[in-house]
Amino acid sequence: MKVHYALARSYLAYVFKRTKAPLPCLFNIDPSSACNLRCVFCPQSDPPGTMTFGLMKYELFERVVAEIERSTICAGLALFLTGEPIMNKDLPRMIAMAEEPRVITRIVLTAAAPCA
Ligand code: SF4
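The text that follows walks through the structure, step by step, so that each part is easy to find. The shown structure was predicted, so the numbers you read here are calculated from the model rather than taken from an experiment.

### With respect to the overall build of the chain
Helix and strand counts for the chain come out as 3 helices and 3 strands. For the chain, with 116 residues in total, the buried portion stands at 33%. At a minimum sequence separation of 6, the contacts of the chain that also span at least 24 residues come to 73%. Split by element, the accessible area of the chain, about 8,000 Å² in all, is 61% carbon and sulfur.

Rendered as structure tokens:
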């Protein structure tokens, strides 16, 4: 309900030209571009040297969430993109921190099981 209210408010403000076009409501943040699996359909299984792998530092995550909070009225965070998010040991801290801002209405996480 909170999401629908925020989206409706954003849409009406845009239609009545009180704001610029709203920012996206869903942000992908990649806590880890590394993975310990190599599913065949995933870029993780591309030949060595074609991807760089790393873990996002908590301080950078904090800055990104603060920027989102300043820039939009409602946002969902998808905490995955190219790797396995649970490889980042700061993930529980990141989720706990991202739950605090009023604008973050939904946090989505994915963790894959190995393909057979
Ligand atoms: S578990 Fe996910 S990130 Fe890892 S190789 Fe498979 S699809 Fe890619």
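The structure having been displayed, the exposition proceeds.
### Overview of the sheet that holds strand E3 (residues 104-108)
As summarised here, the arrangement of the 3 strands in space is E1-E2-E3, forming an open sheet in which the pairing is parallel. Each edge of the sheet is formed by a strand with only one pairing partner; in this case those strands are strand E1 (26-28) and E3. Strand-to-strand twist across the sheet, computed as the mean angle between neighbouring axes with direction ignored, equals 20°. Where E1 lies against strand E2 (residues 75-78), 3 bridges are found, and the strand directions are parallel. Bridging across to E2, Asn28 finds its partner in Ala78. This element, helix H2 (residues 58-71), spans E1, E2 and E3 of the sheet and lies at about 155° to E2.

So, how was this worked out
Residues numbered from 1 in each chain as written. Predicted model: local features only at pLDDT ≥ 70, side-chain atom pairs only at ≥ 80, totals over all residues. Heavy atoms only, no water. Helix = DSSP H or I, 4+ residues; strand = E, 2+ residues; numbered from the N terminus. Buried < 20%, exposed > 50% of the residue type's maximum accessible area, 1.4 Å probe, protein only. Contact = heavy atoms within 4.5 Å. Areas by Shrake-Rupley, 256 points an atom, 1.4 Å probe, with all protein chains shown as cover. Pairing = 2+ DSSP bridges. Axes fitted to C-alpha atoms, helices over the stretch in contact; angles between N-to-C directions.

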